[in-house]
Amino acid sequence: MAISERDIEHIFERLRSGVVPERGLEAFAVGIDKQRTEIHRQFQLAANSEGVFKFLRGGYGCGKTFMSRLAILDAQAQGFATSFVVVSDNDLHFYKFDDVYRKVVQELGTSSCPRGALSDIIDRWIARVEDALIAGGADENSDEFDTLVKQRIEEELASLTGGKAPEDMARVLRAIFTFKQKGEIAEASALLSWLSGSENVAATAKKAAGIKGDIASRDALDYLHGILEIVKAAGYKGLVIVIDEVETVLRMRHDSRGKSLNGIRQICDAADRYRGLLWIYTGTPKFFDTKRGVAGLEPLHDRIQFLTLAGFANPRQPQLELKPFDARRLKEVALKLREIYPTANRTGIVNKVTSEFIERLVTKVTAGFKGDVGVVPRQFLRQFVNILDLAAENDEFDPMSAEGFEPIDLNEVELLIREGRTYFDEEPADIQGYAAVEF
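These notes cover the structure that comes with them. (Residues numbered from 1 in each chain as written. Predicted model: local features only at pLDDT ≥ 70, side-chain atom pairs only at ≥ 80, totals over all residues. Heavy atoms only, no water.)

**Some points on the pairing of strand E4 (residues 239-244)**
Reasoning step 1: Counting buried residues in E4 gives 6 out of 6 residues, a clear majority hidden from the surface.
Reasoning step 2: Going residue by residue along E4, you find Leu-239, Ile-241 and Ile-243 tucked away on one face and Val-240, Val-242 and Asp-244 tucked away on the opposite face as well.
Reasoning step 3: With 6 bridges connecting them, strand E2 (residues 81-86) and E4 associate as parallel partners. Across the sheet, the residue bridging to Phe-84 is Val-242, located in E4.
Reasoning step 4: Direction of pairing for E4 relative to strand E5 (residues 277-283): parallel, over a ladder of 5 bridges. Along E5, the bridge assignment pairs Leu-239 with Leu-277.
Reasoning step 5: Viewed along the sheet, the connection from E4 through helix H11 (residues 254-269) into E5 turns out right-handed. (Buried < 20%, exposed > 50% of the residue type's maximum accessible area, 1.4 Å probe, protein only. Helix = DSSP H or I, 4+ residues; strand = E, 2+ residues; numbered from the N terminus. Pairing = 2+ DSSP bridges. Right-handed = clockwise from strand over helix to strand, strands pointing away.)

As structure tokens, this is what we get:
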């Protein structure tokens, strides 16, 4: 496959830091054809106006973030708008739908605008509204044209959402259009921030739009519905939202965990009302299978439970399993990275970083984690890229005679795995379930 020099540099710079690249992932994707095919099936369902969700299930190091990042790139290539949200400790409570909405809208992206795409999406929609008016005989040079556009914005938003869009949403969209027509970009940007869920918009900007307060949790999903319909009206097939590392919920207090799991359950229950929207969550087996997690909330567990038969798992069920890396897959990834590594002396790199050396490195890295290949891809790839760099920069460097592998900059989860401990503290309440509640 063809890949730009810019994307190649991005890949290796991110891997040097031990994080998943955001672009060029197809260049070194291996062993995930079945999972990728299922994600593409979900895209087709969304494109056909279904509201759907999928949970990616895999242990630490199975490539959940890689798979979901690749899903974002594939979705954008197929004409979807996307949003990629990473859950961090206590910064996203799923029962606070305004939290969810803010994170999702602030991370909106498209193939032409990878992040912060709300303004561009709205502009594309309004341009289509204007084109429809002109096609219907309206004079774009008339003094009344802008008034017609604002009227049509309100009418179309109401039609697209079945009249369920909040009134303040229509007011803000009209005001954003007005400010942009006047060239008052700062004022329009302030209202775009408000529509993105920001709680730090000046009262003067809100007053100019005729609104008060901020987007509340009880209204947030109605606003998300409005954004979804604008995305489609702007010409996109739909919206794909990734919620990565949802197992972070396990670190919350018992009451917060229960309410957050209930929030996820409510989003799943309402999925069919959001036509063209695909939610993708990533989580570990402990998130799904323990009483501390999904198994403790029966309505959610029943909805998304993971079933196997004779060791086989149907990829079309709500949870899509990602298999742990093995030595073969690690070697395949290394060979692909060696192939695209940016160097003027490719023969020298191939002669130094041989297949035999790669196999030895896999063995050494695995030994650092007690033989568990499944948890080492991040450490392996970081070490491997460092070796490629050293081989490219130093004629006398011989990887085969270099020192053995030593893990660097272990994160909290990797440290706990090396010590054979879990990454959350058990509580007495973990043997209990959670009550299903409404908000």
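There is more to say after this.
**Structural notes on helix H14 (residues 327-340)**
Reasoning step 1: With 14 residues, H14 extends 20 Å from end C-alpha to end C-alpha; this agrees with the ideal 20 Å at 1.5 Å per step.
Reasoning step 2: Every buried residue belonging to H14 is among Arg-329, Leu-330, Val-333, Ala-334, Leu-337, Arg-338 and Ile-340, and all of these are buried. (Expected span 1.5 Å × (residues − 1).)

**Brief notes about the side chain of Lys-54**
Reasoning step 1: The residue Lys-54 is located in strand E1 (residues 52-57) in this model.
Reasoning step 2: Side-chain polar atoms of Lys-54 contact the backbone oxygen of Gln-317, separated by 2.5 Å.
Reasoning step 3: In this view, Lys-54 contacts Glu-38, Gln-42, Leu-278, Trp-279, Ile-280, Tyr-281, Pro-315, Arg-316, Gln-317, Pro-318 and Leu-320; residues no more than four positions away in its chain are not counted. (Polar contact = N/O pair within 3.5 Å; in protein donor to acceptor, adjacent residues only side chain to side chain. Contact = heavy atoms within 4.5 Å.)

**Description of the packing of H14 against helix H17 (residues 377-393)**
Reasoning step 1: The N-to-C vectors of H14 and H17 enclose an angle of 35°; their axes lie 11 Å apart at closest approach. Here H14 and H17 pass one another in a crossing that is right-handed. Facing Leu-330, Val-333, Ala-334, Leu-337 and Arg-338 of H14, the residues of H17 in contact are Pro-377, Phe-380, Leu-381, Phe-384 and Leu-388.
Reasoning step 2: A per-class count over the contact of H14 with H17 returns 9 nonpolar, no polar and 1 charged. (Axes fitted to C-alpha atoms, helices over the stretch in contact; angles between N-to-C directions. Left-handed = near helix turned anticlockwise from the far one by under 90°. Nonpolar A, V, L, I, M, F, W, Y, C, P; charged D, E, K, R; others polar.)

**A closer look at the pattern of salt bridges**
Reasoning step 1: Taken as a whole and assessed by the stated rule, the structure comprises 28 salt bridges.
Reasoning step 2: Shared partners join several salt bridges into a network, and the residues in it are Arg-14, Glu-22, Arg-69, Glu-107 and Arg-115. (Salt bridge = Lys/Arg side-chain N within 4 Å of Asp/Glu carboxyl O.)

**Considering the environment of Arg-253**
Reasoning step 1: Secondary-structure assignment places Arg-253 in the loop between E4 and H11.
Reasoning step 2: Sequence-wise, Arg-253 and Asn-90 are 163 residues apart; in three dimensions their C-alpha atoms are separated by 9.8 Å.

**With respect to the packing of aromatic side chains**
Reasoning step 1: With the rule as written, the count across this model stands at 12 aromatic pairs.
Reasoning step 2: Centroid distance Phe-53 to Phe-55: 6.0 Å. Interplanar angle 75°. Geometry classified as edge-to-face.
Reasoning step 3: Among the residues examined, Phe-53 registers a relative accessible area of 14% and is labelled buried.
Reasoning step 4: According to the relative accessible area criterion, Phe-55 is buried, its value standing at 1%.
Reasoning step 5: Look at Trp-194 and Tyr-223: their rings are 5.9 Å apart centre to centre, the planes differ by 75°, and that puts the pair in the edge-to-face class. Here Trp-194, found in helix H8 (residues 185-195), pairs with Tyr-223, found in helix H10 (residues 217-233); they are 29 residues apart in sequence, far enough to count as distant. Tyr-223 carries the same exposure label as Trp-194, and that label is buried. (Phe/Tyr/Trp six-rings, centres within 6.5 Å; stacked < 30°, edge-to-face > 60°.)

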